[in-house]
Amino acid sequence: MSDQQARFARLKALHGGARAFVIPNPWDTGTARILAVMGFKALATTSAGMAFALGRPDGEGLISREETLANARAIVAATPLPVAADLENGFADDPSGCADTLLQAAACGLVGGSIEDASGRADAPIYPLELAVERIRASVAAARSLPFPFTLCARAENFLHGRQDLRDTLKRLEAYAEAGADVLYAPGLTTREHIDAVVRAVAPRPVNVLMGLSGIALTLDDLSELGVRRV
């Protein structure tokens, strides 16, 4: 088994645990090493954290794909932990661009990555559903073409872009799961009811939840009881 396959196996086992596991977000090699010493079992890169560390605001297109992948490669090399990457919107509008980004991410030693449905355009911040699904389907096909396993997390970004539409968010996550996404994620959810609805909608696929937002006061035990598998 290669090192990358071994890292994937550890990440997969964490998703199959009896309770939610915490996957923290280092933004450079130093924070990756600190988090590893603290005892975390896996890491996930952060586009926002990287942007802030570089003195830039967070947003689509403000960090290039090349910068993102170079940062991810350094974080992978910093510890023996499995690392998943925040790949933003795949750094492309078209499905083939997303697939290419995923292949390049895997070549950096990553064993997982997320693709979101945010377009980066103020007039239409979320991709139309049909295009969003095609982007995930192409990313899944790219992941399955690799000679080792890779965990694809599909993100529905409505709640981070002022679209408090749970029905549409559930519809999107269900479609992404049907397209083959391994993990589902709707950042910005803050209520027990919304998180429960997402977990139920895509079961048995694991769900990731973002913590640290204002207005959310759930413990790791609470999230585990709801069926969340990754935080």
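Keep in mind that what you see is a predicted model, and the values were worked out from it rather than measured.

Side note on the overall build of the protein chain
Inference 1: Of the regular secondary structure elements, the protein chain holds 9 helices and 6 strands.
Inference 2: Relative to the 2.2 N^0.38 estimate, which gives 17 Å for 231 residues, the radius of gyration of the protein chain is 16 Å and therefore close to what a compact globule would have.
Inference 3: Classification of the 231 residues of the protein chain by burial places 54% in the buried group.
Inference 4: Accessible surface for the protein chain amounts to roughly 10200 Å². Of this, 55% is attributable to carbon and sulfur atoms.
Inference 5: In the protein chain, which carries 23 positive and 27 negative side-chain charges, the distance between the mean positions of the two groups comes to 6 Å.

Digging into the pattern of salt bridges
Inference 1: One pass over the full model with this rule turns up 14 salt bridges.
Inference 2: With its nearest N and O atoms 3.3 Å apart, the salt bridge here joins Asp-117 to Arg-172. In this pair, Asp-117 is assigned in the loop between strand E3 (112-116) and helix H6 (129-144) and Arg-172 in helix H7 (residues 166-178), connecting sequence segments 55 residues apart. For the pair shown, Asp-117 and Arg-172 are each scored as buried.
Inference 3: Residues joined in a network through salt bridges with shared partners are Asp-117, Arg-163, Asp-168 and Arg-172.

Here's the deal with the sheet that holds strand E5 (residues 183-185)
Inference 1: Strand order in the open sheet formed by 6 strands is E1-E2-E3-E4-E5-E6, and the pairing between neighbours is parallel. At either margin of the open sheet sits one strand with a lone partner, and together these are strand E1 (43-44) and strand E6 (207-208).

Looking at the nonpolar core
Inference 1: In terms of nonpolar packing, the biggest core is built from 59 residues, with Leu-110, Ile-136, Leu-173, Tyr-176, Leu-184, Ile-195 and Val-228 touching the most fellow members.
Inference 2: By residue number, the principal contributor to this core is H6, which donates 7 residues.
Inference 3: Membership of the second largest hydrophobic core comes to 8 residues, among which are Phe-8, Phe-21, Ile-23 and Ala-44.

Things to note about helix H4 (residues 65-78)
Inference 1: With 14 residues, H4 ought to run about 20 Å at 1.5 Å a step, and its terminal C-alpha atoms sit 20 Å apart, in line with that.
Inference 2: Taken residue by residue, H4 has Arg-65, Thr-68, Leu-69, Asn-71, Ala-72, Ile-75, Val-76 and Ala-78 as its buried positions.
Inference 3: Along its buried surface, H4 packs onto helix H1 (3-15), helix H2 (29-37), E1, helix H3 (47-53), strand E2 (83-86) and helix H5 (95-107).

Topic: unusual backbone geometry
Inference 1: In this structure, the amide linkage connecting Ala-203 to the following residue, Pro-204, adopts the cis form with an omega of 10 degrees.
Inference 2: With respect to the helices and strands, Pro-204 occurs in the loop between helix H8 (192-202) and E6.
Inference 3: Phi is positive for Glu-88, which is not a glycine, with a value near 50 degrees.
Inference 4: As for its placement among the helices and strands, Glu-88 is situated in the loop between E2 and H5.
Inference 5: Backbone geometry places Phe-91, a non-glycine residue, at a positive phi of 55 degrees.
Inference 6: Take Phe-91: it is sitting in the loop between E2 and H5.

Focus: H6
Inference 1: With 16 residues, H6 should reach 22 Å at 1.5 Å per residue; the first-to-last C-alpha distance of 22 Å fits that figure.
Inference 2: Regarding H6, the residues found buried are Ala-132, Val-133, Arg-135, Ile-136, Ala-138, Ser-139, Val-140, Ala-142 and Ala-143.
Inference 3: Looking at the buried side of H6, the elements it contacts are H5, E3, strand E4 (151-155) and H7.

Considering the environment of Arg-144
Inference 1: Among the secondary structure elements, Arg-144 is positioned in helix H6.
Inference 2: For Arg-144, a relative accessible area of 47% translates into the label partly exposed.
Inference 3: Sequence-wise, Arg-144 and Gly-180 are 36 residues apart; in three dimensions their C-alpha atoms are separated by 9.8 Å.
Inference 4: Discounting chain neighbours no more than four positions away, the residues touching Arg-144 are Phe-150, Gly-180 and Asp-182.

Analysis parameters
Within each chain, residue numbers correspond to sequence positions counted from 1 in written order. Local features in this predicted model are restricted to residues whose pLDDT is 70 or higher, and side-chain atom pairs enter the listing and the counts only when it is 80 or higher, whereas totals over whole chains, interfaces and linings include all residues. Based on all heavy atoms of the structure, the side-chain values leave hydrogens and waters out of the count. Think of it this way: any DSSP run of H or I at least four residues long counts as a helix, any run of E at least two long counts as a strand, and we number them from the N terminus. Throughout, radius of gyration means the C-alpha value; the globule benchmark is 2.2 Å times the number of residues raised to the power 0.38. Three exposure classes are used, based on accessible area relative to the maximum for each residue type with a 1.4 Å probe and protein chains only: buried under 20%, partly exposed in between, and exposed over 50%. Only the protein chains shown count as cover for residues, and all accessible areas are computed by the Shrake-Rupley method using a 1.4 Å probe. Positive charges are assigned to Lys and Arg, negative charges to Asp and Glu, while His and the chain termini are left out of the count. For this purpose, a charge sits on NZ of Lys, CZ of Arg, CG of Asp or CD of Glu. Just to be clear on terms, a salt bridge is a Lys or Arg side-chain nitrogen sitting within 4 Å of an Asp or Glu carboxyl oxygen. Two strands are said to pair when DSSP picks up at least two bridges between them. To define a nonpolar core, start from buried Ala, Val, Leu, Ile, Met, Phe, Trp, Tyr and Cys residues and group those joined through side-chain atoms within 4.5 Å. A helix's residues, less one, multiplied by 1.5 Å, set its expected span. In what follows, a contact means two residues having at least one pair of non-hydrogen atoms within 4.5 Å.

This is a description of form; function is not addressed.
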